[in-house]
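Listed below are the residues making up each chain.
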Amino acid sequence: MSSKVNCKYHPDANLIEDYRAGDQICSECGIVVGDRVIDVGSEWRTFSNEKGGEDRSRVGGPENTLLGSSDLTTMIGPGRGMASFSADGQALYNNRKTQSSSDRTLINAFRTISNMADRINLTKTIIDRANNLFKMVHDGKNLKGRSNDAIAAACLYISCRQEGVPRTFKEIVAVSTVSKKEIGRCFKLILKAHDTSVELITTGDFMSRFCGTLTLPRDVQRAATHIAKKAVDLDIVPGRSPISVAAAAIYMASQASDEKRTQREIADIAGVADVTIRQSYKLMLPRARDLFPTDFNFTTPIENLPQN
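Residues numbered from 1 in each chain as written. Predicted model: local features only at pLDDT ≥ 70, side-chain atom pairs only at ≥ 80, totals over all residues. Heavy atoms only, no water.

Asker: Give a description of the nonpolar core that names residues and reports values.
Answerer: Counting residues in hydrophobic clusters, the biggest one holds 39 residues, and the most contacted among them are Ile 250, Met 252, Met 284 and Phe 292. Of all the elements in the fold, those that place two or more residues in this core are α6 (204–213), α7 (218–233), α8 (242–255), α9 (263–270), α10 (274–284) and α11 (288–291). Considering each element in turn, this core owes the most residues, 10 residues, to α8. Every residue in contact with Phe 292, bar those within four places of it in the chain, is listed here: His 226, Ile 227, Met 252, Ala 253, Ala 256, Phe 298, Ile 302 and Leu 305. Ranked by size, the runner-up nonpolar core spans 35 residues in total, among them Ala 153, Ala 154, Ile 158 and Ile 183. (Core = buried A, V, L, I, M, F, W, Y, C linked by side-chain atoms within 4.5 Å. Buried < 20%, exposed > 50% of the residue type's maximum accessible area, 1.4 Å probe, protein only. Helix = DSSP H or I, 4+ residues; strand = E, 2+ residues; numbered from the N terminus. Contact = heavy atoms within 4.5 Å.)

Asker: Any chance you could break down the packing of aromatic side chains for me, citing the residues and the numbers?
Answerer: Scanning the entire structure with this criterion turns up 8 aromatic pairs. Between Tyr 251 and Tyr 281, the aromatic rings sit 4.9 Å apart at their centres with planes inclined by 75 degrees, giving edge-to-face as the arrangement. Of this pair, Tyr 251 sits in helix α8 while Tyr 281 sits in helix α10; the two residues are 30 residues apart in sequence, bridging distant segments of the chain. Accessibility expressed as a relative area gives 0% for Tyr 281, which makes it buried. Through pairs of rings, three or more aromatic residues link up here, namely Tyr 157, Phe 169 and Phe 187. (Phe/Tyr/Trp six-rings, centres within 6.5 Å; stacked < 30°, edge-to-face > 60°.)

Asker: Help me get a handle on helix α1 (residues 101–119), residues and values and all.
Answerer: For α1, with 19 residues, the first-to-last C-alpha span of 27 Å sits near the 27 Å given by 1.5 Å per residue. Within α1, the full set of buried residues consists of Asp 103, Leu 106, Ala 109, Phe 110, Ile 113, Met 116 and Ala 117. Looking straight down α1, one finds that the buried residues subtend no more than 155 degrees of arc, so they occupy a single side. In the core, the buried residues of α1 are packed alongside α2 (124–140) and α3 (148–162). (Expected span 1.5 Å × (residues − 1). Arc of directions from axis to C-beta.)

Asker: How would you sum up the sheet that holds strand β3 (residues 32–34)? Please name residues and give values.
Answerer: Ordered in space as β1-β2-β3, the 3 strands form an open sheet in which the pairing is antiparallel. Sheet topology places β1 (15–18) and β3 at the edges, where each strand pairs with a single neighbour. Within this sheet the neighbouring strands show an average axis-to-axis angle of 40 degrees, counted without direction. With 2 bridges connecting them, strand β2 (residues 23–26) and β3 associate as antiparallel partners. Across the sheet, Ile 25 pairs through a bridge with Val 32, a residue of β3. (Pairing = 2+ DSSP bridges. Axes fitted to C-alpha atoms, helices over the stretch in contact; angles between N-to-C directions.)

Asker: A description of the pattern of salt bridges should follow, citing residues and the corresponding values.
Answerer: Close approach of charged atoms allows side chains of opposite charge to pair. Per the counting criterion, the structure on display carries 12 salt bridges. Close ionic contact of Arg 264 with Asp 274 constitutes a salt bridge, the shortest N to O distance being 2.8 Å. Within this pair, whereas Arg 264 is found in helix α9, its partner Asp 274 is found in helix α10, the two being separated by 10 residues in sequence. When salt bridges that share partners are traced, they join Arg 146, Glu 182 and Arg 185 into one network. (Salt bridge = Lys/Arg side-chain N within 4 Å of Asp/Glu carboxyl O.)

Asker: Which residues make up α8, and what values go with them?
Answerer: Taking 1.5 Å as the rise per residue, α8 with 14 residues should run 20 Å; its terminal C-alpha atoms sit 20 Å apart, in good agreement. For α8, a buried count of 13 out of 14 residues is recorded, marking the element as mostly surrounded by other parts of the structure.

Asker: An account of the environment of Lys 230 is requested, with residue identities and associated values reported.
Answerer: Within the element layout of this structure, Lys 230 appears in helix α7. It is 5.7 Å that separates the C-alpha atoms of Lys 230 and Leu 291, two residues lying 61 residues apart in sequence. Those residues in contact with Lys 230 that lie beyond four places of it in its chain are Asp 290 and Leu 291.

Asker: I'd love a proper account of the environment of Arg 161, names of residues and values included.
Answerer: With respect to the element layout, Arg 161 can be found in helix α3. In contact with Arg 161, other than residues within four places in its own chain, are Pro 166, Phe 187, Val 198, Glu 199, Leu 200 and Ile 201. At a separation of 3.2 Å, a polar atom in the side chain of Arg 161 contacts the side chain of Tyr 157. (Polar contact = N/O pair within 3.5 Å; in protein donor to acceptor, adjacent residues only side chain to side chain.)

Asker: Before we move on, could you go through the packing of α8 against α9 and cite the residues and values that matter?
Answerer: Between two packed helices, both the angle of their axes relative to each other and the distance between the axes serve to describe the pair. One way to put it is that α8 packs onto α9 with a least axis distance of 10 Å and a crossing angle of 145 degrees. For the pair α8 and α9, the sense of crossing is right-handed. Two secondary-structure elements touch here, α8 through Ile 243, Ala 247, Ile 250 and Tyr 251 and α9 through Gln 263, Ile 266 and Ala 270. For the contact of α8 with α9, the per-class residue count stands at 6 nonpolar, 1 polar and no charged. (Left-handed = near helix turned anticlockwise from the far one by under 90°. Nonpolar A, V, L, I, M, F, W, Y, C, P; charged D, E, K, R; others polar.)

That's the geometry; what it means functionally is another story.
This is the structure we're talking about:
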């Protein structure tokens, strides 16, 4: 049996839809062959009470499986009749939403993570991983008493490292509202409480991003990568952080080329102090001949490189 609606007198005739009345009318004889047709188009008027724009959507936000209610909540708008007010004239319902406190905490944290990620251009994959990690921490209740903003920032930092695009603590702090110390504490607690692992940071994790921001050519970036790796392999910079070693390697490679960058420029990009770069550079300079790649085109000879 066919479910197609057509006119019994003119089966092949086109039907005209009257959206206002919800009727389907035969174009040949005018008989109404269907009524109460559902309009699947957008709304012609809005029922939203928000100012500053019309919301003609028929549905709410997308379903979020990380929330306890899957975000399938009900919003009660303000009433307009006498039954919507109490005896003393107070509104009984004013955008009241049936949402648990746990879901509210998660929604606020997800919004915080998304805002931080947008400011440092992180992908949706990293945001989703950070959201899942925050949900796991929230359900585990191991970090009670800690700021949700600090936990959210720590989750974003961990997600970046797990996805292979690490960001420095200073970069996360710059887009967060909490201190580096508090984020660091939450980071350690999350790793300990939830058996979460992260790969060790290497100099190569930051090299392409730092060199790209400094607009250095590919041969200088390749030389800086080689210098940093050799310095670590030869144990020339023991105890130095990968970020400071990468910054010192960029400084050395740029000073040997015609695309020179100052320690201050590199420090601003890498998020470390000038003196930190200088200390690592002084350790690397005596072994400079062993660190540069053999095919590097020197504009400034090694013996003429800055001494500090």
